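# Close look at the chain arrangement
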Amino acid sequence: MSKKKTLTFCLMDAPFENARTTTALRLIDTAVRRGHNVNVFAYEGAVGVPFSKQSAHANKVHGFEEDEWNHPLPKDWVSEIMNHAEKTGSKVDWINCGLCVDERGMNEAVPGVRRGTPGDLVNWANTSDNTLIIPTK
Amino acid sequence: MAKTLNIIESAYRATIEEQDDTIVWITHAMKGAGADLSVLLRGNAVNYCVTGQKAPEISFGEWQQTHAAQIDQDLIALMGKGVPVYVAEEDLAKRGISLSELISGVKTVNREGILDLIENHDRIWHW
Amino acid sequence: MTHYLLIESRDSFEVNDVAYFYDLASGLKERGNTVTLFLIQNGVLPARKNPSDSTLAKLATAGVNILADHLSLQERGITDSALVDGVASAELDVVIDQMADGVKTLWH
């Protein structure tokens, strides 16, 4: 494994809409497990990924109550990645585009998420070892 | 400073709601933050170079929605800030768009030109 | 010579623009670069052996290193034996390792 690097990701998709959200979080989780620091710039609908008011539901079609179903919530995946990073000496810095948050009314985010601007993405790109844009379509 | 090529492919995705193409918009914002950027329009986004585009005002109940996006003008403004704008000529041809319909200042590129752009920029951000 | 990592998340059955991305991989390889094409999500669907489509096999023969995300393959019931010759199953670690090595990475 290469030494600790800093990787920046820009995400755009709203949660529960596209496989890209899961893939993006898998990539971020893998980067942390490989010992790297990660920056995440959430643009447009992706500001909803760490939205703290996501809530699980039962799945009656499959016959499971809420406490049996282990319903995925991307905000919990984000928190778990951040917790794992903290335990293992990596850093995950997550910025939600502030204007995108405001127009969607998604001000409540899990701890560790902060507001920012496209200038933050520029700064991160200039100080990271690599940057990957994962656009919406 | 590292040079970034923004390849814009998706078009008219939420331009009425956003009053912008959000990638053209963030390109403006990142240029303002000091980034060294170029833009390549390909796929349906080549239509952003066509002059005179503007959605008419629409209404919802009593609400009149004004200030529709004018993406051709946004690209002209971007070029005015020193961001080169390239457009894929093959994608123009596929869509029946002639060069005479384009805003001035954009540069057409063929397959080899696209490869040159990708090789000559440090970062490729494919939006 | 530069190393490129091209990540294709979509498939050529649904999205015409996928052909452009395959061609980009081919063109960068023709110019002497090292190219990895990483298929993920529905991007793995064309990796299943298909007598009517040899696009990925030709890319592999041309020297493009083609990998397909293991989870995406499993999710779609595509086994290793069903893969086009020249396409190999891989974990996401490959993407992260290449990014960490500074490989020019594009998502499509």
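See the structure shown above.
Residues numbered from 1 in each chain as written. Chains lettered and ligands numbered in written order. Predicted model: local features only at pLDDT ≥ 70, side-chain atom pairs only at ≥ 80, totals over all residues. Heavy atoms only, no water.

### As for the overall build of chain A
- Within chain A, the regular secondary structure consists of 5 helices and 5 strands.
- Of the regular secondary structure in chain A, the N- to C-terminal order runs β-α-β-α-α-β-α-β-α-β.
- The C-alpha atoms of chain A give a radius of gyration of 15 Å, which matches the 14 Å a tight globule of 137 residues would have.
- Split into buried and exposed, the 137 residues of chain A put 57% on the buried side.
- Element-wise, carbon and sulfur atoms account for 48% of the exposed surface of chain A, whose accessible area totals about 6,200 Å².
- Of the side chains in chain A, 16 bear a positive and 17 a negative charge, and the two mean positions are spaced by 8 Å. (Helix = DSSP H or I, 4+ residues; strand = E, 2+ residues; numbered from the N terminus. Rg over C-alpha atoms; globule rule 2.2 N^0.38 Å. Buried < 20%, exposed > 50% of the residue type's maximum accessible area, 1.4 Å probe, protein only. Areas by Shrake-Rupley, 256 points an atom, 1.4 Å probe, with all protein chains shown as cover. Lys, Arg positive; Asp, Glu negative; His and termini not counted. Charge placed at Lys NZ, Arg CZ, Asp CG, Glu CD.)

### Considering the interface of chain C and chain B
- Taken residue by residue, the interface counts 18 residues in chain C and 15 residues in chain B.
- For the pair chain C and chain B, the summed buried surface comes to about 1,400 Å²; carbon and sulfur atoms form 45% of the total.
- When the buried surface of chain C facing chain B is broken down by residue, Tyr20, Arg31 and Lys104 of chain C rank first, second and third, together holding 42% of it.
- The shortest N-O distance in the salt bridge between Arg31 of chain C and Asp116 of chain B comes to 2.6 Å.
- Run the count over chain C and chain B and you get 11 residue pairs in polar contact (both at pLDDT 80 or more). (Contact = heavy atoms within 4.5 Å. Buried area = accessible area lost by both parts, 1.4 Å probe. Salt bridge = Lys/Arg side-chain N within 4 Å of Asp/Glu carboxyl O. Polar contact = N/O pair within 3.5 Å; in protein donor to acceptor, adjacent residues only side chain to side chain.)

### Let's talk about the nonpolar core
- Grouped together as the largest cluster of nonpolar side chains are 79 residues, with contacts concentrated most on Phe9 and Trp94 of chain A together with Leu41 and Trp127 of chain B.
- Those residues in contact with Phe9 of chain A that sit more than four places away from it in its chain are Leu27, Ile28, Val38, Asn39, Val40, Phe41, Leu132 and Ile134 of chain A together with Ile96 and Met99 of chain C.
- Listed in part, the 38 residues of the second largest apolar core include Val109 of chain B together with Val15, Ala60 and Leu106 of chain C. (Core = buried A, V, L, I, M, F, W, Y, C linked by side-chain atoms within 4.5 Å.)

### Concerning the state of the cysteines
All names here are of chain A.
- Tallied over the entire structure, the rule returns 1 disulfide over all chains.
- Bridging Cys97 to Cys100, the disulfide has an S-S length of 2.4 Å. Disulfide Cys97-Cys100: the torsion about the S-S bond is 75°, which places it as right-handed.
- No disulfide involves Cys10; its sulfur sits 9.2 Å from the nearest other cysteine sulfur, which is in Cys100. (Disulfide = S-S within 2.5 Å.)

### Structural notes on the interface of chain C and chain A
- Chain C puts 20 residues into the contact, and the matching count from chain A is 23 residues.
- Between chain C and chain A the total buried area reaches about 1,800 Å² when both faces are included, carbon and sulfur atoms providing 62% of it.
- Of all residues in chain C, Ile96, Met99 and Trp107 of chain C give up the largest surface area on contact with chain A, accounting jointly for 37% of the area buried on that side.
- The interface formed by chain C and chain A contains 3 salt bridges.
- The partner of Asp93 of chain C in a salt bridge is Arg34 of chain A, with the nearest N and O atoms 3.5 Å apart.
- Inspection of the chain C/chain A interface yields 8 residue pairs in polar contact (both at pLDDT 80 or more).
- Broken down by secondary-structure element, the contributors of at least two residues to the side of chain C that touches chain A are helix H4 (93-100) and strand S5 (104-107) of chain C.
- It is H4 of chain C that contributes the most residues to the side of chain C that touches chain A, 7 residues altogether.
- Residue classes in the side of chain C that touches chain A are distributed as 11 nonpolar, 4 polar and 5 charged. (Nonpolar A, V, L, I, M, F, W, Y, C, P; charged D, E, K, R; others polar.)

### Observations regarding the packing of aromatic side chains
- Per the stated rule, a full pass over the model turns up 5 aromatic pairs over all chains.
- Centre to centre, the rings of Trp125 of chain B and Trp127 of chain B are 6.4 Å apart; their planes meet at 75°, and the pair counts as edge-to-face.
- Residue class for Trp125 of chain B comes out buried when judged on its relative accessible area of 2%.
- Positioned above the aromatic ring of Tyr20 of chain C, the side-chain terminus of Arg42 of chain B is 3.4 Å from the ring centre. (Phe/Tyr/Trp six-rings, centres within 6.5 Å; stacked < 30°, edge-to-face > 60°. Lys NZ or Arg CZ within 6 Å of the ring centre and 35° of its normal.)

### Quick look at the pairing of strand S1 (residues 3-8) of chain C
All names here are of chain C.
- Of all 6 residues that make up S1, 5 are buried, and the element is covered over most of its length.
- In this sheet, strand S2 (residues 34-39) lies alongside S1 in parallel orientation, the contact comprising 6 bridges. Opposite Ile7, over in S2, you have Phe38 as the bridge partner.
- In this view, the connection linking S1 to its parallel neighbour S2 by way of helix H1 (residues 17-30) has right-handed handedness. (Pairing = 2+ DSSP bridges. Right-handed = clockwise from strand over helix to strand, strands pointing away.)

### Observations concerning the environment of Leu5 of chain C
All names here are of chain C.
- Its place among the elements puts Leu5 in strand S1.
- Distance in space between the C-alpha atoms of Leu5 and Trp107 is 8.5 Å, their sequence separation being 102 residues.
- Ignoring sequence-local partners within four residues, the contact set of Leu5 consists of Thr36, Phe38, Val95, Gln98, Val103, Lys104, Thr105 and Leu106.

### Quick notes on the sheet that holds strand S4 (residues 87-90) of chain C
All names here are of chain C.
- With respect to topology, 5 strands assemble into an open sheet ordered S4-S3-S2-S1-S5, the strand pairing being parallel. Strands at the two margins of the open sheet, each flanked by one partner only, are S4 and S5. Taking the axes of each pair of neighbouring strands and ignoring which way they run, one obtains an average angle of 25° across the sheet.
- Judged from the 4 bridges that link them, S1 and S5 form a sheet pairing that is parallel. (Axes fitted to C-alpha atoms, helices over the stretch in contact; angles between N-to-C directions.)

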